[in-house]
Amino acid sequence: ADAVLENRDPVTVDISISPAPVTTSAEALCSASAEDPDGGSISTSYAWMSATGSSLGSQAGLALSPSLVQPGDTLTCTATITDEQGASITASASAVVENTAPVFASISLSPESPLSGDTAECTAVAEDADGEIPTVSYAWNLNGALAGTGTSLSLPTLVTGDTIECVATATDAYGGAATATAG
């Protein structure tokens, strides 16, 4: 009697999403590797989905942007691996989009060398790669002790050696924060 060999499904070896962490401005890459136990060649197709089931792309790489995903969103990549005879399997990997903390584009103190009685002004500009507008708060330190909050401070009588600094803190809606100092 002749033995009939049946085609066996491919076997997934590994599927992953990189880089880690995935952020709103990264290119996410889905990598799937598989083997055909019958020794044939295999092809791989990809499908990216959001947590709500929306299709995001069909390539191994997915260019992310704040208009496509936000921190906390879950991305799922499903790889379909097909052998020469048409047998296929699917495997999925998921990643949660992580928050990117804001960064300061600039911070300045005016006047640069304030004197007694001056009103010092602090100006800071913060940006967020996630497309958010960070909230900036200000604290003023005189000789290392908190002297006030807000964008300006009316200075008391200063003596030689006194140090004044403005500490700006930028916070985004997801709890990411950055600090910059002028003075």
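Residues numbered from 1 in each chain as written. Predicted model: local features only at pLDDT ≥ 70, side-chain atom pairs only at ≥ 80, totals over all residues. Heavy atoms only, no water.

## A look at the nonpolar core
Now for step 1: I15, I17, V22, W48, L64 and L75 are the most contacted members of the largest nonpolar core, which totals 22 residues.
Now for step 2: Looking at this core, the elements with two or more residues in it are β1 (11-18), β3 (27-35), β4 (42-50), β7 (74-83) and β8 (88-98).
Now for step 3: With 5 residues, β8 is the largest single contributor of residues to this core.
Now for step 4: Beyond its immediate stretch of four places on either side in the chain, I15 contacts C30, S31, A32, C77, A79, A91, S92 and A93.
Now for step 5: Grouped together as the second largest cluster of nonpolar side chains are 19 residues, F104, A120, C166 and A180 included. (Core = buried A, V, L, I, M, F, W, Y, C linked by side-chain atoms within 4.5 Å. Buried < 20%, exposed > 50% of the residue type's maximum accessible area, 1.4 Å probe, protein only. Helix = DSSP H or I, 4+ residues; strand = E, 2+ residues; numbered from the N terminus. Contact = heavy atoms within 4.5 Å.)

## Thoughts on the sheet that holds β4
Pairing between the strands of a sheet comes from backbone hydrogen bonds, and it takes one of two forms, parallel or antiparallel.
Now for step 1: If you trace the 5 strands from one edge of the open sheet to the other, you get β2-β8-β7-β4-β5, paired in mixed fashion. Since the sheet does not close on itself, it has two edges, and those belong to β2 (22-23) and β5 (55-57), each with one partner. (Pairing = 2+ DSSP bridges.)

## So, the sheet that holds strand β12 (residues 145-149)
Now for step 1: Taken in spatial order, the 4 strands line up as β12-β11-β14-β15 in an open sheet, and their pairing is antiparallel. The open sheet has two edge strands, β12 and β15 (177-182), and neither has a second partner. Across the sheet, the mean angle from the axis of one strand to that of its neighbour is 30°, orientation sign disregarded.
Now for step 2: With 8 bridges joining them, strand β11 (residues 135-142) and strand β14 (residues 164-171) adopt antiparallel strand pairing. What sits directly across from A139, in β14, is V167. (Axes fitted to C-alpha atoms, helices over the stretch in contact; angles between N-to-C directions.)

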